[in-house]
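Here is how the chains run, residue by residue.
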There are 2 protein chains.
Amino acid sequence: MNNFDCLKLENQLCFPLYAASKEVIKKYKPYLDEYGLTYTQYIALMVLWNEREINVKKLGEKLFLDSGTLTPLLKKLEAKGLIKRTRSLTDERNLMVSITNTGDNLKEKLASIPFNVGKCVNLNEEEAKTLYTLLYKVLKSTVD
Amino acid sequence: MNNFDCLKLENQLCFPLYAASKEVIKKYKPYLDEYGLTYTQYIALMVLWNEREINVKKLGEKLFLDSGTLTPLLKKLEAKGLIKRTRSLTDERNLMVSITNTGDNLKEKLASIPFNVGKCVNLNEEEAKTLYTLLYKVLKSTVD
DNA sequence: TAAAATTAAATTGTGTACAATTGAATTGTA
DNA sequence: TACAATTCAATTGTACACAATTTAATTTTA
């Protein structure tokens, strides 16, 4: 491998990561379109289905997104009636985001999506588990 | 695992893929900033360093990007003097993109970036190879 | 406790991404 | 060979994504 081979697209690790991420997210689109949701809105809801209430800062840490991305996104989810945005009473710097009943009811309808998307990604259970582990290892190393 | 556990962020395969992709790309930023380049511009150059000349359609297939993304991006690279855009003489529908001398000279300077980014991703050679293989398997399955 | 430092969200500006449409060029076919 | 179908790039419109800055609230500290 000469000096410049490392500059070939097919020798990069980042490129298939970038491309696979986008292609898998595209697979969500037809399912999410039915509910007028985007992938990013979907993962935000996913956090709220579990957390019930969380501030923007912590939501951003979980999703690896900042307020520049989340502020407009959350306003859209609020406009759809799926979440509620309220300033914390104890610390007005914090905006508390919580799930509404309407938003919570979507949970049932959206539950089958990951399974359906999973079916068209051609990995067996072991490969999926290995990929999962390696991706979290990458994530962990890039964050600190 | 109950019905809704599949809706937890930490049980998704797509989410760490999405997040790891973004975090690794961020690692490129300080290196690319020196040359006023973005990651997407960088991978476009990477193709051109090898292909010398390619039309937008084929470039898009290699990068998993469409003309909506590439047209403005290529105009920026042209404005920087790194590439040239010319209509094909034999078929004017095709826009031929080629690397300029200035663009080619960047190759030397940008050669060390993937190595430097690689160092801060905490995977050994075997893990990197496994991840690479699995990502291409995902890519292949999502494309057809 | 008043000023400085910190924190959190919002805003601003740039650059992707991509679906859908448009328009020009070429190809296939009746 | 006209004309319909196809192909390619550009355009339009929406939605992130993120760096950098701003604004407001809170905490620290002199």
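The structure presented is a predicted model; accordingly, all values stated were derived computationally and were not measured.

Novice: When you look at the overall build of chain A in this model, what are you seeing that I'm missing?
Specialist: The helix and strand tally for chain A stands at seven helices and three strands. The N-to-C order of helical and strand elements in chain A reads α-α-β-α-α-β-β-α-α-α. Whereas a compact globule of 144 residues would reach a radius of gyration of roughly 15 Å, chain A reaches 18 Å, over 25% beyond that. Dimensions of chain A, computed from the C-alpha atoms along their principal axes, are close to 60 × 35 × 25 Å. Within chain A, the proportion of its 144 residues that are buried is 47%. In chain A, the share of contacts with a sequence separation of at least 24, taken over all contacts with a separation of at least 6, comes to 51%. For chain A, the exposed surface amounts to about 7700 Å²; the carbon and sulfur share of it is 50%. Across chain A, 22 positive and 18 negative side-chain charges occur, with their mean positions spaced 4 Å apart.

Novice: Looking at this structure, how should I read the packing of aromatic side chains?
Specialist: Pairs of aromatic rings are described using the distance from one ring centre to the other and the angle between the two planes. Going through the model one piece at a time under the given rule, you end up with 16 aromatic pairs over all chains. Seen from their ring centres, A:Tyr18 and B:Tyr39 are 5.5 Å apart, and the 70° between their planes marks the pair as edge-to-face. With one member in each of two chains, A:Tyr18 in helix α1 (residues 14–33) and B:Tyr39 in helix α2 (residues 39–51) form a pair that bridges those chains. According to the relative accessible area criterion, A:Tyr18 is buried, its value standing at 10%. Centroid distance B:Tyr39 to B:Tyr42: 6.3 Å. Interplanar angle 45°. Geometry classified as tilted. With B:Tyr39 and B:Tyr42 both in helix α2, this residue pair falls three residues apart, about one helical turn. Given the relative accessible area of 0%, B:Tyr42 is considered buried. Grouped by ring-pair contacts, the aromatic residues A:Phe15, A:Tyr18, B:Tyr28, B:Tyr39, B:Tyr42, B:Trp49 and B:Phe64 constitute a single cluster.

Novice: Can you help me understand the relation of the copies chain A and chain B in this one?
Specialist: One copy of the chain maps onto the second through a rotation around an axis plus a translation along that axis. Overlaying chain A on chain B yields an RMSD of 0.0 Å, the required transformation being a rotation through 180° with an accompanying axial translation of 0.0 Å. Expressed as a symmetry operation, the mapping of one chain copy onto the other fits a two-fold axis. Both copies contact each other with a shared surface, as 100% of the interface residues of chain A are interface residues in chain B too.

Novice: Teacher, can you tell me more about the protein's contact with DNA strand C here?
Specialist: The environment of DNA strand C is made up of 30 residues, and the closest members are A:Tyr18, A:Lys57, A:Ser67, A:Thr71 and B:Thr38. When atoms of DNA strand C within 4 Å of the protein are split into backbone and base, the sugar-phosphate part holds 81%. Side-chain polar atom of A:Thr71 to a phosphate oxygen of DNA strand C: 2.6 Å apart, as the coordinates give it. Taking A:Leu95, its main chain carries an N or O atom lying 3.2 Å from a phosphate oxygen of DNA strand C. Contributing elements (two or more residues each) for the surface near DNA strand C: α1, α3 (56–63), α4 (67–79) and β2 (83–87) of chain A together with α2 and α4 (67–79) of chain B.

Novice: Looking at this structure, how should I read the interface of chain A and chain B?
Specialist: For interface size, the figure often reported is the accessible area lost on association. Contacts between the two partners involve 58 residues from chain A and, on the opposite side, 58 residues from chain B. Of the roughly 5700 Å² buried where chain A meets chain B, counting both sides, 73% is carbon and sulfur surface. When the buried surface of chain A facing chain B is broken down by residue, A:Leu7, A:Leu13 and A:Tyr18 rank first, second and third, together holding 11% of it. There are two salt bridges connecting chain A and chain B. A:Glu127 is the salt-bridge partner of B:Lys137, the closest N and O atoms lying 2.7 Å from each other. Linking chain A to chain B there are 14 residue pairs in polar contact (both at pLDDT 80 or more). Within the residue set of the side of chain A that touches chain B, elements represented by two or more residues are α1, α2 (39–51), α3, α5 (101–110) and α7 (125–143) of chain A. Of the residues contributing to the side of chain A that touches chain B, the split by class is 39 nonpolar, eight polar and eleven charged.

Novice: I'm lost on the sheet that holds strand β2 (residues 83–87) of chain B in this one. Help?
Specialist: Strand pairing in a sheet is mediated by backbone hydrogen bonds. Such pairs are either parallel or antiparallel. All names here are of chain B. Read from one edge to the other, the open sheet built from three strands follows the order β1-β3-β2, with strand pairing classed as antiparallel. Sheet topology places β1 (53–55) and β2 at the edges, where each strand pairs with a single neighbour. Taking each pair of neighbouring strands and ignoring which way they run, the sheet shows an average axis angle of 25°. When β1 meets strand β3 (residues 95–99), the two strands line up antiparallel, connected through three bridges.

The rules behind each value
- Residues numbered from 1 in each chain as written.
- Chains lettered and ligands numbered in written order.
- Predicted model: local features only at pLDDT ≥ 70, side-chain atom pairs only at ≥ 80, totals over all residues.
- Heavy atoms only, no water.
- Helix = DSSP H or I, 4+ residues; strand = E, 2+ residues; numbered from the N terminus.
- Rg over C-alpha atoms; globule rule 2.2 N^0.38 Å.
- Buried < 20%, exposed > 50% of the residue type's maximum accessible area, 1.4 Å probe, protein only.
- Contact = heavy atoms within 4.5 Å.
- Areas by Shrake-Rupley, 256 points an atom, 1.4 Å probe, with all protein chains shown as cover.
- Lys, Arg positive; Asp, Glu negative; His and termini not counted.
- Charge placed at Lys NZ, Arg CZ, Asp CG, Glu CD.
- Phe/Tyr/Trp six-rings, centres within 6.5 Å; stacked < 30°, edge-to-face > 60°.
- Least-squares fit on C-alpha atoms with pLDDT ≥ 70 in both.
- Near = heavy atom within 4 Å.
- Polar contact = N/O pair within 3.5 Å; in protein donor to acceptor, adjacent residues only side chain to side chain.
- Buried area = accessible area lost by both parts, 1.4 Å probe.
- Salt bridge = Lys/Arg side-chain N within 4 Å of Asp/Glu carboxyl O.
- Nonpolar A, V, L, I, M, F, W, Y, C, P; charged D, E, K, R; others polar.
- Pairing = 2+ DSSP bridges.
- Axes fitted to C-alpha atoms, helices over the stretch in contact; angles between N-to-C directions.

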